[in-house]
Amino acid sequence: MFLQVENLEKNYGTTKVLRGMNFSIQEHESLAIVGSSGSGKSTLLYTIGALERPDKGRILIDGAELSKYSDEKLARFRNQFIGFVFQFHFLLPSMNCMDNILLPAKIGKHDLKKVKVRVHRFAKELGIEHCLKKYPFEISGGEQQRVNIIRAISLAPKLILCDEPTGNLDSKNTQVVIKLLRDVAEDIGSTLIVVTHDSSVSESFHRKITIEDGQIIS
Ligand code: ADP
Ligand code: MG
């Protein structure tokens, strides 16, 4: 198994947000996570991506238990192996979109030339090449979302985690984005996990889990 979630519990103060979750995913599989607002989808994704530590239980990625890593080792692991698409896209306002996209590559000291070639290809596929030299405030919410997606996949991560990646997009662009994510995941051989409200999105994944009140109900 590439990813194993075992008896996972996560609390914020006295609020029990994840109440004992178990599931696993094989390499190359794609998984949709659905559930109503407040059910714990984002918290689950953040915990899988090691942006939050579990209170109980554990998460294994490729056999490694990330919660045992030091902060520094974790940061390096995340940079190299995980691409995260945030629900509220966190682009830095003082940098143009290309520089935003290249930030993880610079931090991880990757080959910028190579990454740039990949970025241009993705930008073309998503129809936002004209945005690369612009600043985030100069482009629309939907365009920002696609910039955010390109940043997440720019380093060909083994695990791609997306929190409502099509939340601001019309149905045409939703399909384009989902297809790109699926194609990229297939190309790289990465595992793709997407949180979504949109049933037209969840249908195109290998597997789907529904969570309610911090538990998997199906
Ligand atoms: P979803 O993504 O399914 O809408 P979330 O994972 O964002 O749900 O939130 C699940 C529950 O956890 C909600 O009740 C929310 O208020 C609470 N929660 C999420 N993040 C925090 C936080 N950082 N501090 C306190 N409570 C939080
Ligand atoms: Mg959420």
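Numbering of residues starts from 1 in each chain and follows the order in which that chain's sequence is written. Both sets of labels track the order of writing: A upward for chains, 1 upward for ligands. Reporting in this predicted model follows two pLDDT cut-offs: at least 70 for local features of residues, and 80 or more for side-chain atom pairs to be given and counted; totals over whole chains, interfaces and linings ignore these cut-offs and use all residues. Only hydrogens and water are removed before side-chain values are computed, so all heavy atoms of the structure are retained for them.

**Observations regarding the packing of helix α3 (residues 97-107) against helix α4 (residues 112-125)**
Turning to step 1, where the next piece is worked out: Working convention: axes come from line fits to C-alpha atoms, limited for helices to the stretch in contact. Angles between N-to-C directions cover 0 to 180 degrees. Working definition: helices are DSSP H or I runs of at least four residues, strands are E runs of at least two. Numbering for both runs from the N terminus. Interaxial distance between α3 and α4 falls to 10 Å at its minimum, and their mutual angle equals 135 degrees. In terms of their interaxial angle, α3 and α4 are classed as oblique. For the element pair α3 and α4, the recorded crossing hand is right-handed. The segment α3 lies against α4, with Met98, Ile101, Leu102, Ala105 and Lys106 engaging Leu112, Val115, Lys116, Val119 and His120.
Turning to step 2, where the next piece is worked out: Across the contact of α3 with α4, the residue classes break down as seven nonpolar, one polar and two charged. When an angle is under 35 degrees it counts as roughly parallel; over 145 it counts as roughly antiparallel; between 65 and 115 it counts as roughly perpendicular; any other value is oblique. In this scheme the crossing of two helices becomes right-handed for a clockwise turn of the near helix relative to the far one and left-handed for an anticlockwise turn of less than a right angle. Contacts are residue-level and defined by heavy atoms, with any inter-residue pair within 4.5 Å sufficient. Classes in brief: Ala, Val, Leu, Ile, Met, Phe, Trp, Tyr, Cys and Pro nonpolar; Asp, Glu, Lys and Arg charged; the others, Gly included, polar.

**Observations regarding the nonpolar core**
Turning to step 1, where the next piece is worked out: Formed by 36 residues in total, the largest nonpolar core has its most connected members in Ile150, Ile153, Ile160, Leu181 and Leu192.
Turning to step 2, where the next piece is worked out: Sorting the residues of this core by element identifies α3, α4, α5 (141-153), β7 (159-163), α6 (171-188) and β8 (191-195) as the ones contributing at least two each.
Turning to step 3, where the next piece is worked out: The biggest single contributor to this core is α6, with six residues.
Turning to step 4, where the next piece is worked out: The contacts of Leu192, once residues within four sequence positions are left out, are Glu29, Ser30, Leu31, Ile160, Cys162, Leu181, Arg182, Ala185 and Phe205.
Turning to step 5, where the next piece is worked out: Only buried residues count toward a nonpolar core, which is a set of Ala, Val, Leu, Ile, Met, Phe, Trp, Tyr and Cys residues joined through side-chain atoms within 4.5 Å. The rule is simple: take the accessible area with a 1.4 Å probe, protein chains only, and divide by the maximum for that residue type; under 20% is buried, over 50% is exposed, in between is partly exposed. The next biggest cluster of nonpolar side chains, apart from the first, holds 31 residues, and it includes Val5, Leu18, Leu44 and Ile48.

**Some remarks on the layout of surface pockets**
Turning to step 1, where the next piece is worked out: For cavity detection a 1 Å grid was placed over the protein atoms alone, and a set of points counts as a cavity when a 1.4 Å probe fits there but cannot get out; an open set counts as a pocket when protein lies on both sides within 12 Å along at least five of seven lines, with lining residues being those that have an atom within 4 Å of a point. Grid points are joined across faces, edges and corners, and a volume is the space filled by probe spheres set on the points. In this structure, the largest pocket occupies an estimated 510 Å³ of space.
Turning to step 2, where the next piece is worked out: Lining the largest pocket are 20 residues, and of these Asn79, Ile82, Phe86, Pro104 and Arg151 lie nearest its centre.
Turning to step 3, where the next piece is worked out: Across the lining of the largest pocket, the residue classes tally to 13 nonpolar, four polar and three charged.

**A closer look at the packing of aromatic side chains**
Here a ring pair, both rings aromatic, is described through the centre-centre distance and the interplanar angle of the planes.
Turning to step 1, where the next piece is worked out: Pairing of aromatic side chains requires ring centres within 6.5 Å, counting the rings of Phe and Tyr and the six-membered ring of Trp. Pairs whose planes differ by under 30 degrees are stacked, by over 60 edge-to-face, and all others tilted. Summed over the entire model, instances satisfying the criterion amount to seven aromatic pairs.
Turning to step 2, where the next piece is worked out: Seen in terms of ring centroids, Tyr46 and Phe84 are 5.3 Å apart; in terms of plane orientation they differ by 75 degrees. Their pairing is edge-to-face. One end of the pair, Tyr46, is in helix α1 (residues 41-48); the other, Phe84, is in strand β6 (residues 82-85), with 38 residues separating them in the sequence.
Turning to step 3, where the next piece is worked out: Accessibility expressed as a relative area gives 23% for Tyr46, which makes it partly exposed.
Turning to step 4, where the next piece is worked out: Their ring planes at 25 degrees and their centres at 4.6 Å tell us that Phe84 and Phe86 sit as a pair that is stacked.
Turning to step 5, where the next piece is worked out: With relative accessibility at 11%, the residue Phe84 sits in the buried group.
Turning to step 6, where the next piece is worked out: Judged by relative accessible area, which is 18%, Phe86 ranks as buried.
Turning to step 7, where the next piece is worked out: Connected via pairs of aromatic rings, a cluster forms that spans Tyr46, Phe84, Phe86 and Phe90.
Turning to step 8, where the next piece is worked out: Counting as a charge over the ring demands two things of the Lys NZ or Arg CZ atom: a distance within 6 Å of the ring centre and an angle within 35 degrees of the ring normal. Across from the ring centre of Tyr69, 4.2 Å away, lies the NZ or CZ of Lys73, which sits over that ring.
Turning to step 9, where the next piece is worked out: The residue whose ring lies beneath Arg182 is Phe205, and the NZ or CZ to ring-centre distance is 5.9 Å.

**So, empty space enclosed by the protein**
The gaps left among the atoms become clear once a water-sized probe is rolled over them.
Turning to step 1, where the next piece is worked out: One pass over the full model with this rule turns up one cavity of 30 Å³ or more.
Turning to step 2, where the next piece is worked out: Here the largest cavity defines a volume of roughly 70 Å³.
Turning to step 3, where the next piece is worked out: Lining the largest cavity, in full, are Thr47, Ile48, Ala50, Glu52, Arg53, Pro54, Ile59, Leu66, Ser67 and Leu74.
Turning to step 4, where the next piece is worked out: A class-by-class count of the residues in the lining of the largest cavity yields six nonpolar, two polar and two charged.

**So, the sheet that holds β6**
Turning to step 1, where the next piece is worked out: For two strands to pair, DSSP has to find at least two bridges joining them. Strand order in the open sheet made by the six strands is β6-β7-β8-β3-β9-β10, with mixed pairing throughout. In the strand order of this sheet, the two ends are held by β6 and β10 (215-216), each with one partner.
Turning to step 2, where the next piece is worked out: Strand direction decides the pairing type here: β6 and β7, joined by four bridges, are parallel. Each residue of the ladder has a partner; that of Gly83, found in β7, is Ile160.
Turning to step 3, where the next piece is worked out: Contacts from α5 reach β6 and β7 within the one sheet, and its direction differs from that of β6 by about 170 degrees.
Turning to step 4, where the next piece is worked out: Contacting β3 (30-34), β7 and β8, α6 runs over the sheet at an angle of about 165 degrees to β7.

Purely geometric numbers; function is a separate question.
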